[in-house]
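# Chains, contacts and geometry: an overview
One letter stands for each residue in the lines below.
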Amino acid sequence: MSIIGTAARTETTDSPSAQAAAISFRAISKVFVTPDADQFTAIHGIDLEVEAGSFVCIVGPSGCGKSTLLNMTAGLLQPSSGEVLYRGAPIKGANTDVGYMTQKDNLLPWRTVRKNVLLALEISKTVPVRQRKERVDAVLADVGLGRFADRYPAELSGGMRKRVSLARSLVYSPRTLLMDEPFGALDAQLRLVLQEQLLELWERERKTMLFVTHDIEEAILLADRVVVFGTNPGRIVHVEEITLERPRSLLELRQLPEFNQIWSRLWSLIGSHETKEEQ
Amino acid sequence: MSAQAVLTPTPALDTAKAVSEQRRRKRISFLMVNGARLAVGVALIGSWQVFAGKPGSRALVLIDEYYVSRPTDIWDSLVNFVETGVLWPNVWVTVQEMILGFAVGLLLGLLAGFVVGSNRFVSDVAMPYVSALYSVPRLALVPLFLLWFGLGLTSKVAFVGMLVFFLVFYNTYAGVRDVDKDLVNTLRLMGAGRWTIVRRVTIPSAMTWILAGLRVSAPYALVGAVTSEMISSNEGLGYMLTRASGQFDTSGVFAAIAVMMALAIVVNGLVAAAERYFLAWKSRGEA
Ligand SMILES: Nc1ncnc2c1ncn2[C@@H]1O[C@H](COP(=O)(O)OP(=O)(O)O)[C@@H](O)[C@H]1O
Ligand SMILES: [Mg+2]
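These figures come from a predicted structure and were not determined experimentally.

Parameters and conventions
Residues numbered from 1 in each chain as written. Chains lettered and ligands numbered in written order. Predicted model: local features only at pLDDT ≥ 70, side-chain atom pairs only at ≥ 80, totals over all residues. Heavy atoms only, no water. Donors = N, O, S within 2.8 Å, 3.2 Å for Na, K, Ca; no water. Helix = DSSP H or I, 4+ residues; strand = E, 2+ residues; numbered from the N terminus. Phe/Tyr/Trp six-rings, centres within 6.5 Å; stacked < 30°, edge-to-face > 60°. Buried < 20%, exposed > 50% of the residue type's maximum accessible area, 1.4 Å probe, protein only. Lys NZ or Arg CZ within 6 Å of the ring centre and 35° of its normal. Near = heavy atom within 4 Å. Polar contact = N/O pair within 3.5 Å; in protein donor to acceptor, adjacent residues only side chain to side chain. Areas by Shrake-Rupley, 256 points an atom, 1.4 Å probe, with all protein chains shown as cover. Domains from an automatic or database assignment. Contact = heavy atoms within 4.5 Å. Buried area = accessible area lost by both parts, 1.4 Å probe. Salt bridge = Lys/Arg side-chain N within 4 Å of Asp/Glu carboxyl O. Nonpolar A, V, L, I, M, F, W, Y, C, P; charged D, E, K, R; others polar. Expected span 1.5 Å × (residues − 1). Pairing = 2+ DSSP bridges. Axes fitted to C-alpha atoms, helices over the stretch in contact; angles between N-to-C directions. Core = buried A, V, L, I, M, F, W, Y, C linked by side-chain atoms within 4.5 Å.

What follows concerns the coordination of the magnesium ion (ligand 2). Of the protein atoms, only Ser67 of chain A (OG) and Gln103 of chain A (OE1) coordinate the magnesium ion (ligand 2), at distances of 2.0 to 2.4 Å. Here the residue serine 67 of chain A occupies a position in helix H3 (residues 66-73), and glutamine 103 of chain A occupies one in the loop between strand E6 (98-101) and helix H4 (113-124), the gap between them amounting to 36 residues.

Here is the structure:
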């Protein structure tokens, strides 16, 4: 079950544990070259295995390379060294097996909310034509946007656009979901509702989830495993297995001493690294 | 608690009042703007009528009508053009040149803009040549076009087409390059092929630019048609204008210009309608 360290790295692609891994990051580094030819190491030496059907959360200060890692998983960015395997094979080009909810909402401004979500079905063809509209409206209702289906993105608040983007990545049921701070822009109330819905969905379908968040509480609530990143360069500083019983409810979790222990531990890890960065 | 409830107006009433107030303001500003426009127009035409005339024939004549004509004389010329059957055939000739030239320029401009804009290598190779061609003074090409395509319709269509082509090309090119890469990637991850991305992202996204290109180039269709008619033709609005000028018929010249202005207004109206249709989502978003 060890996910970092050399053990995982030395295994060959077709060993049983590698096959169970949906995503494997092997000694990943990413160096960006800035326009004035300076080099900037965004992440360095990342080893991480994300098992199929597991829920992995990445937490860490901003700028530690969380989005960079997701971009690599989606095949939109190549590592400078190391390799990313998806279901045992190196990723070549766009990884159409993943649904990617990016930090930016990336909605098509000339399509209404409904048509933005519908587009995912038109392209992926995962739902028969006749059931598409019904399915879209159901997902929109789930994220609380049923009444806004005929609006254009520019007529929505930032949080609402995020929810459209969420609906769009859920509607076509991709095997793996990459989510980059999906609930960051939402108010606490709505965030709680959507977190619980996401958990429910995940418990039903057991998709592989790679979920980036700033919020330690959210990470503990959702994840099987929380990976803590540090900055300068971006790297893994800690991996916390979350064995709290499922199904979970945030309101109940908050009462548990275990939850608070984990929370304090992760908080101090992130806190100490953030202060180190500032020196 | 209850005192507060009395003092605070109910939100529903408040909104209704605000909405009707807003409507009232809008109506007033609409009336003011249009009233002022009408007044300016009447004042301009009126003073033209009053201050232009035969020198010494009456008071208030400041400008010789030989140079500027008078609104009533222009109207008479216009009526005369219609009655003698001169106007409509000539308007039709010009309109034909505009439509055909515009269609040719638009199609070629769109096609070339898409191809060059979506291919880095092609763009790097082609753009210096396009810029060089673009910097040639357009009028200098009219004699060449006459040589190649004769004195009739074809040379005018070619000239209009060339004017429109460059404007549409540059805008389409910029529009295609301006497409948000993140939107393209979003669709790629859903499994979209090349054509789906062009249809769903590139074209709608470039539409804003393309329509801006149309708005700029549509008046040029008129300019191009009339200019080439003036240089060499025996029909069309440009020909009507040069003929009137050759006969020292100032009213006739102004009448021809008035017809051109009317044509320009129609063209601009059509472009505005196209913009409203294709960019409906934009005005919605700003609301
Ligand atoms: N295209 C790029 N060019 C240069 N630097 C980049 C680029 N993308 C990201 N970075 C840098 O890499 C680091 C990690 O970025 P990112 O993955 O977005 O961080 P996070 O998502 O954890 O906030 C940041 O310091 C960022 O400035
Ligand atoms: Mg990020």
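Next comes the rest of the account.
Attention shifts here to the packing of aromatic side chains. Summed over the entire model, instances satisfying the criterion amount to 18 aromatic pairs over all chains. Between the aromatic rings of tyrosine 134 of chain B and tyrosine 170 of chain B, the centroid separation amounts to 5.0 Å while the plane-to-plane angle is 65°, which identifies the pairing as edge-to-face. Taken as a pair, tyrosine 134 of chain B in helix H6 (residues 120-134) and tyrosine 170 of chain B in helix H8 (residues 153-177) lie far apart in primary sequence, 36 residues in all. Residue classification places tyrosine 170 of chain B among the partly exposed positions, given a relative accessible area of 23%. Considering the side-chain rings of phenylalanine 165 of chain B and phenylalanine 169 of chain B, the 5.8 Å spacing of their centres and the 20° angle between planes classify their relative orientation as stacked. You can see phenylalanine 165 of chain B and its partner phenylalanine 169 of chain B sitting in helix H8, four residues apart, about one turn around the helix. Residue class for phenylalanine 169 of chain B comes out buried when judged on its relative accessible area of 2%. Here a set of aromatic residues connected by ring pairs shows up, and it is made of Tyr134, Phe165, Phe166, Phe169, Tyr170 and Tyr173 of chain B. Lying across the ring of tryptophan 202 of chain A, arginine 206 of chain A places its NZ or CZ 4.1 Å from the centre. Just above the ring of tyrosine 134 of chain B sits the side chain of arginine 138 of chain B; from NZ or CZ to the centre is 4.8 Å.

On to the site of ligand 1, then. All names here are of chain A. In the neighbourhood of ligand 1, the contacting residues comprise Phe32, Phe40, Ala42, Ser62, Gly63, Cys64, Gly65, Lys66, Ser67 and Thr68. Separating an oxygen atom of ligand 1 from a backbone N or O atom of glycine 65 is a distance of 3.0 Å. With respect to ligand 1, the side chain of serine 67 contributes an N or O atom lying 2.7 Å from an oxygen atom. Coverage of ligand 1 by the protein amounts to 61% of the 560 Å² it exposes when considered alone. Elements represented by at least two residues in the shell around ligand 1 include exactly strand E2 (39-51) and H3. A per-element tally of the shell around ligand 1 places H3 first, with three residues.

Looking now at the domain arrangement of chain B. Residue and element names in this part refer to chain B. With domains assigned, chain B is organised as domain 1 (2-67) and domain 2 (69-286). Counting residues at the interface gives nine residues for domain 1, matched by nine residues for domain 2. Of the roughly 810 Å² buried at the junction of domain 1 and domain 2 (both faces included), carbon and sulfur atoms supply 49%. In terms of surface lost to domain 2, no three residues of domain 1 exceed Trp48, Gln49 and Tyr66, which account for 62% of the buried area on that side. Applying the counting criterion to the domain 1 and domain 2 interface returns zero salt bridges. Across the domain 1-domain 2 interface, the total number found is six residue pairs in polar contact (both at pLDDT 80 or more). For the side of domain 1 that touches domain 2, the elements supplying multiple residues, two or more each, are helix H2 (11-51), strand E1 (52-53) and helix H3 (65-68). Here the residues of the side of domain 1 that touches domain 2 are counted per class, giving five nonpolar, two polar and two charged.

Bringing the environment of aspartate 215 of chain A into the picture now. All names here are of chain A. Tracing the sequence through the fold places aspartate 215 in the loop between strand E8 (208-213) and helix H8 (216-222). Residue class for aspartate 215 comes out partly exposed when judged on its relative accessible area of 23%. The sequence separation of aspartate 215 and isoleucine 58 amounts to 157 residues, and the corresponding C-alpha distance is 9.7 Å. A distance of 3.0 Å separates the side chain of aspartate 215 from the backbone nitrogen of glutamate 217, its partner in a polar contact.

Taking 1.5 Å per residue as the helical rise, helix H4 (residues 71-83) of chain B with its 13 residues ought to reach 18 Å, and the 18 Å between its terminal C-alpha atoms agrees with that figure. Two residues or fewer past H4 of chain B, glycine 85 of chain B is found with a positive phi of approximately 70°.

On to the sheet that holds strand E3 (residues 55-59) of chain A. Backbone-to-backbone hydrogen bonds join strands into a sheet, with any given pair of strands oriented parallel or antiparallel. Residue and element names in this part refer to chain A. Ordered in space as E6-E7-E8-E3-E9-E10, the six strands form an open sheet in which the pairing is mixed. Two strands lie at the open edges of the sheet, namely E6 and strand E10 (235-241), each paired on one side alone. When strand polarity is set aside, the average angle formed by the axes of neighbouring strands in this sheet is 15°. With five bridges joining them, E3 and E8 adopt parallel strand pairing. Counted as the bridge partner of phenylalanine 55 is methionine 209 from E8. Sheet strands in contact with H3 are E3, E6, strand E7 (176-180), E8 and strand E9 (225-230), and its direction is about 155° off that of E7.

A few words on the nonpolar core. By size, the foremost hydrophobic cluster in this structure holds 106 residues, and its most contacted members are Leu198 and Val226 of chain A together with Val201 of chain B. Here the element with the most residues in this core is helix H10 (residues 194-231) of chain B; it accounts for twelve residues. For valine 201 of chain B, the residues in contact, after removing those within four places along its chain, are Leu108 and Trp110 of chain A together with Val179, Leu183, Val184, Leu187 and Thr196 of chain B. With 28 residues, the next largest nonpolar core counts Ala74, Tyr86 and Leu210 of chain A together with Leu189 of chain B among its residues.

Side chains that differ in charge, positive against negative, can pair when their charged atoms come close. Residue and element names in this part refer to chain A. Considering all chains together, one arrives at 23 salt bridges over all chains under this definition. Between glutamate 122 and arginine 111 there is a salt bridge, with its nearest N and O atoms 4.0 Å apart. Highlighted residues: glutamate 122 in helix H4 and arginine 111 in the loop between E6 and H4, separated in sequence by eleven residues. Owing to a relative accessible area of 25%, glutamate 122 belongs among the partly exposed residues under this scheme. Judged by its relative accessible area of 9%, arginine 111 falls in the buried class.

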